[in-house]
Amino acid sequence: KGIMYVPAQFIRLDRNPRRGSSKVLDMLGNPAGLSKESCLNALLEGNEDLPPGSKLEFNKKAGYIELNDSIVFFVNMPELYGEECFKRTYWNTWLDQGKTLTWFFRDEEWKDGTSRIAQKLSKGGTFLQMEPRRILFVRVGQRHFICCGPVEVVFTDKPSIVKRGKRDRDLVEIKLRILFWENLQLSPEFLAMTRPPKMESK
């Protein structure tokens, strides 16, 4: 008997919006898994839209996963010191003591703000009211993804230009502002990820 795969776009975070929001906040600041799949499994545990024994179908190479009522962002940060810092294509950067993270979309994916994902991200509202919800997971190197919880999207007007391979590629920069930053100050994993270690003086 084969496994049934359910496209992520068909799955809601939860049929009860408050219960879904509560689950995200319960995961806040904690390691959620070593892969996108394990993070999504934790996020959707007990989900009524997923039949027993089924699996979520999504693009494992994508930096974000679209659910029916949510967008889940995944960011891989390099080790703070090492060669990987200089091999990055997308320079995601923590700003303002970890309150905000820069994020980039390819211009052909953004389509001057007319694409489906651009339109969905342009919608506002509070975390309980907004749809789609925006949820962020970040990890450093090959460590566990840390659930940074709900974020709001802040747009910048001017697309950035980065060098990728033998050609330049236009990237649209947005900022993901963490909504429960104060709560995350109690998470050692989040603090270690957003604040580089102090260099000891000799």
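Residues numbered from 1 in each chain as written. Predicted model: local features only at pLDDT ≥ 70, side-chain atom pairs only at ≥ 80, totals over all residues. Heavy atoms only, no water.

Peer 1: Break down the packing of aromatic side chains for me, citing the residues and quoting the values.
Peer 2: Enumeration over the complete set of coordinates arrives at seven aromatic pairs. Between tryptophan 103 and phenylalanine 105, the aromatic rings sit 5.9 Å apart at their centres with planes inclined by 65°, giving edge-to-face as the arrangement. Here tryptophan 103 matches phenylalanine 105 in class, with each residue buried. Judged by centre distance (5.1 Å) and plane angle (35°), the rings of phenylalanine 105 and tryptophan 110 are tilted. A relative accessible area of 1% means that phenylalanine 105 is categorised as buried. Put simply, the rings of Tyr64, Phe73, Trp103, Phe105 and Trp110 pair up and form one aromatic cluster. Above the plane of the ring of phenylalanine 58 lies lysine 60, whose end atom (NZ or CZ) is 4.8 Å from the centre. Directly above the aromatic system of tryptophan 181 lies the positively charged group of lysine 99, at a separation of 4.6 Å from the ring centroid. (Phe/Tyr/Trp six-rings, centres within 6.5 Å; stacked < 30°, edge-to-face > 60°. Buried < 20%, exposed > 50% of the residue type's maximum accessible area, 1.4 Å probe, protein only. Lys NZ or Arg CZ within 6 Å of the ring centre and 35° of its normal.)

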